[in-house]
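# Observations on the three-dimensional arrangement
The lines below spell out each chain.
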Amino acid sequence: MTTPWSRRGFLTVCSGSAVTLGLGTPVFAAPDEFATLRARWRTLILGEGFDPAAEPFTSRLADLGTTANRYRTTMAPAAGSLWPDLVYADPDPDSDQESYGYSGNMNTSYTRLSTMAQAYCQPGTGLSGDTDLRDAIVTGLDHLHDDVYHAGQVRYGNWYSWQIGAPQALLDACVLMYDALSAGQIANYLAAVDHFVPDSAVASYSGTSTGANRVDLCRVLALRGIAGASAAKVALARDALSPVFPYVTSGDGLYADGSFIQHTTVPYTGSYGSVMLGGLGLLFALLAGSRWEVTDPGRQIVFDAVEHAWAPFLHNGLVMDCVAGRAISRGLAAADPERIQQDDHLRGHPVLASIVLLGQGASAAENARWRALVKGWVERDYYSPPLADPVLSLPHLARLQKVADDASVTPVPEPAGHRLFPSMARAVHRGPGWAAALSMADKRITYYETGNGENLRGWHTGAGMLYWWGDAFANGQYSDAFWPTVDPCRLPGTTVSRKVLADGAGGDWGAAKPDADWVGGATDGRRAAVGQHLKGLQSTLVAKKSWFFLDDTVVCLGAGITCGDGTAVETTVENRNLGPTGGAPFTVDGTVQPATYPWSATLAGARWAHIGGHGGYVFPGGATVRALRDARDGSWSTINKGGSTTVLNRTYLTLYVDHGTDPVNASYAYQLLPGATAARTRARAADPNWLTVPANTGSGQGVSVRSLGFTGVNFWSGGTVGTLTASDPCCVMISESEDGTAVIAVSDPMRMRTRLTLTWRRAVTAVTSAPATLASAATGSALRLDFGDLTGTAGATQRVTVRLG
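The structure reproduced in this document is the subject of the present report. (Residues numbered from 1 in each chain as written. Predicted model: local features only at pLDDT ≥ 70, side-chain atom pairs only at ≥ 80, totals over all residues. Heavy atoms only, no water.)

Once that is clear, we can look at the sheet that holds strand 23 (residues 700-705). Overall, antiparallel pairing links the seven strands, which are arranged 22-23-24-27-28-33-30 in an open sheet. Every interior strand has two partners, whereas the edge strands, strand 22 (692-696) and strand 30 (764-769), have only one. Recorded for the sheet is a direction-independent mean angle of 15° between the axes of neighbouring strands. Pairing of strand 23 with strand 24 (residues 710-715), which is carried by six bridges, proceeds in the antiparallel orientation. Note on strand 24: the bridge partner recorded for V703 is G712. (Pairing = 2+ DSSP bridges. Helix = DSSP H or I, 4+ residues; strand = E, 2+ residues; numbered from the N terminus. Axes fitted to C-alpha atoms, helices over the stretch in contact; angles between N-to-C directions.)

As structure tokens, then:
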């Protein structure tokens with residue numbers, strides 16, 4: 001029976017919770033420090049400062065009640081399950097995919113109980129303080145303990161379910177239902193946690209106890225200590241966070257260049273990185289002001305990473321798929337009764353809210369900057385408004401609502417410029433009104449990650465995939481069923497052999513990496529030259545690919561494209577998701593092409609093309625390009641074994657260069673102009689002097705744009721390209737300014753050079769600033785720069801500023 005809900009009743013049920021929910025000053029019913037921390041944890045996981053009678057909270061609370069009631073009414077304790085649809089008894093317990101499913105069901109069972117506990121403690125759910133719901137939760141906790149999650153049980157399936165997923169949900173329920181549980185019940189539950197997550201789980205910063213996983217384990221230990229009044233456990237949790245903070249130079253963690261790696265080889269800022277950011281924000285806030293406060297000065301690295309590591313990959317509320325690993329395949333899950341499709345926006349919104357939470361423990365200046373950033377992202381996410389996010393947790397929703405309603409916060413726009421992340425083979429570029437991201441692979445960074453039956457066809461996402469979005473258009477490009485319907489061999493920007501690959505080719509957990517050294521680039525922070533020595537996954541394909549990121553365009557070059565697979569090789573200029581109907585106009589050299597589909601054509605000598613509402617493409621000197629407008633079927637289950645089997649259909653406009661079967665030294669060149677009109681695209685193509693390509697070969701690729709004072713060259717080996725000569729492989733980018741100075745940006749993407757000499761045939765009067773790696777310089781009618789040991793620069797850009805003659 002549902003009881004009338006008063007302020008006093010609410011606080012009584014929640015054991016003196018500090019959850020104010022707009023009801024006034026927090027009240028702590030128990031004076032001891034563990035009671036205070038339990039109350040604070042309730043605040044953190046239930047939310048505070050919002051009006052439950054106002055939208056969007058009223059609807060969210062009602063939905064929470066509906067969900068919790070469904071879980072209560074369908075709960076049927078039996079040997080091997082708590083819900084009939086979540087059987088966790090494994091007839092053949094091991095670590096195979098089937099066992100992963102059973103352990104996942106155990107994890108999900110605890111998650112449902114935690115959801116029910118939240119509905120019990122929250123006002124406005126229709127179940128607040130409901131004694132029947134309370135009894136059902138306690139019954140469920142006892143059943144799972146007695147049947148599967150107890151001391152002495154041997155784990156099976158996925159370690160994560162036993163050490164992170166289940167204990168986190170269990171401990172949340174313990175804190176929320178603390179007064180409804182006996183001392184004996186709590187002791188039993190905590191003994192189970194101790195069995196599966198002993199102190200030794202954080203004894204070594206290695207294996208599954210690094211990065212985001214380590215933060216999750218520390219959360220378990222901290223809550224176990226708080227629920228069981230163990231100061232030693234809470235202290236262990238705090239101290240075990242310290243290895244997460246320092247920059248790393250290999251393996252999992254944050255890098256000085258802003259990269260974040262998990263699973264040793266996978267760029268994961270937008271998935272595991274999100275978990276780590278959120279987990280640290282919660283633990284910092286939980287322990288603040290207590291005798292276990294996190295005071296390690298290394299935590300400043302995490303604060304610095306908000307703008308250095310996470311912000312570059314956030315665009316109008318979404319987090320870019322190039323740093324989301326196998327999460328890109330988690331669209332519509334077969335087991336989701338709500339049928340809510342996950343996407344880059346729904347992955348991005350928790351990051352925004354975590355930044356707000358983390359800001360509470362940062363400096364006033366940092367907090368103010370971050371809130372302005374978050375407000376901008378929230379206001380610009382027209383495609384998937386964060387305050388209407390159906391899966392964003394209620395506390396996160398409350399945090400974003402506060403920022404959105406704060407009139408003192410002025411939203412800031414997306415910053416223009418370039419960020420290069422050599423430690424994870426990624427690059428992000430922002431021009432006026434658009435953003436782009438580049439995904440590569442090398443001997444340190446995997447082609448792609450698969451595992452748990454997820455992301456089965458992400459084979460070529462590391463083959464130079466070039467993502468891009470507009471400011472007020474195309475923000476759903478990769479959100480709208482892109483991954484299950486796109487041709488996985490025609491990802492935009494990639495050069496790929498059409499050789500047939502098996503699902504999950506290369507192995508799980510980022511096992512497959514190309515034996516390629518030269519991947520990286522150089523940037524002055526505004527523009528960049530980036531290159532990739534491409535070697536195909538389970539293929540003989542090799543290629544040299546270059547991208548030059550400028551103000552309104554990305555110049556893309558490919559050379560040395562050679563393959564002996566006996567199959568066609570293609571470079572995909574574009575593969576634009578046009579949605580279910582696909583009516584965007586397509587123009588080539590001024591002629592509008594048919595809007596019907598299926599349609600295809602070979603465009604011989606094409607100089608430019610334009611997709612209405614998206615952007616333009618210029619082919620210097622003309623090129624033979626194939627175009628295709630077609631509708632593609634696909635389901636999430638084809639790329640994720642846990643995905644929905646519902647067939648989806650999306651229309652694509654594809655532009656690609658067919659290099660033929662078994663090409664030898666094939667090449668391509670094109671410009672991408674995001675957001676450009678047809679008129680501007682035509683004008684760029686009509687100006688033969690705007691872009692100069694002095695070289696596009698397997699030994700060197702370079703471009704020059706005189707009007708911008710830009711020169712960029714990727715030296716795949718030592719030699720001369722245009723006005724530049726390099727003694728060894730390197731990347732060079734030069735930006736000349738109207739004030740008579742120039743910035744020369746140089747890097748060694750191979751991280752091998754003990755000496756590098758660069759000569760620029762340009763009159764230079766002086767070197768005004770230089771890095772420590774510059775051993776000597778000679779000026780005059782030509783500039784000679786001698787760099788010393790670059791092996792320790794981790795591929796980072798070395799910048800030299802000179803005064804021109």
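To continue, consider the side chain of Q122. Among the secondary structure elements, Q122 is positioned in the loop between helix 4 (97-121) and helix 5 (131-147). At a separation of 2.8 Å, a polar atom in the side chain of Q122 contacts the main-chain carbonyl oxygen of L46. (Polar contact = N/O pair within 3.5 Å; in protein donor to acceptor, adjacent residues only side chain to side chain.)

So, about the layout of surface pockets. Of the volumes computed, that of the second largest pocket is approximately 390 Å³. Forming the walls of the second largest pocket are 19 residues, and the residues nearest its centre are S704, R706, F710, T711 and E736. Looking at the lining of the second largest pocket, the elements that each hand over two or more residues are strand 22, strand 23 and strand 24. Of the residues contributing to the lining of the second largest pocket, the split by class is eight nonpolar, seven polar and four charged. (1 Å grid on protein atoms, 1.4 Å probe; cavity = no way out; pocket = protein on both sides within 12 Å on 5 of 7 lines; lining within 4 Å. Points joined across faces, edges and corners; volume = space filled by probe spheres on them. Nonpolar A, V, L, I, M, F, W, Y, C, P; charged D, E, K, R; others polar.)

Moving on, we come to the packing of helix 10 (residues 272-287) against helix 12 (residues 344-359). One way to put it is that helix 10 packs onto helix 12 with a least axis distance of 9 Å and a crossing angle of 30°. Here helix 10 lies roughly parallel to helix 12, going by the angle between them. In terms of crossing hand, the pair formed by helix 10 and helix 12 is left-handed. Touching S274, L277, G278, L280, G281, L282, F284 and A285 of helix 10 are P350, V351, S354, I355, L357 and L358, all from helix 12. When grouped by side-chain class, the residues that make up the contact of helix 10 with helix 12 number 10 nonpolar, four polar and no charged. (Parallel < 35°, antiparallel > 145°, perpendicular 65-115°, else oblique. Left-handed = near helix turned anticlockwise from the far one by under 90°. Contact = heavy atoms within 4.5 Å.)

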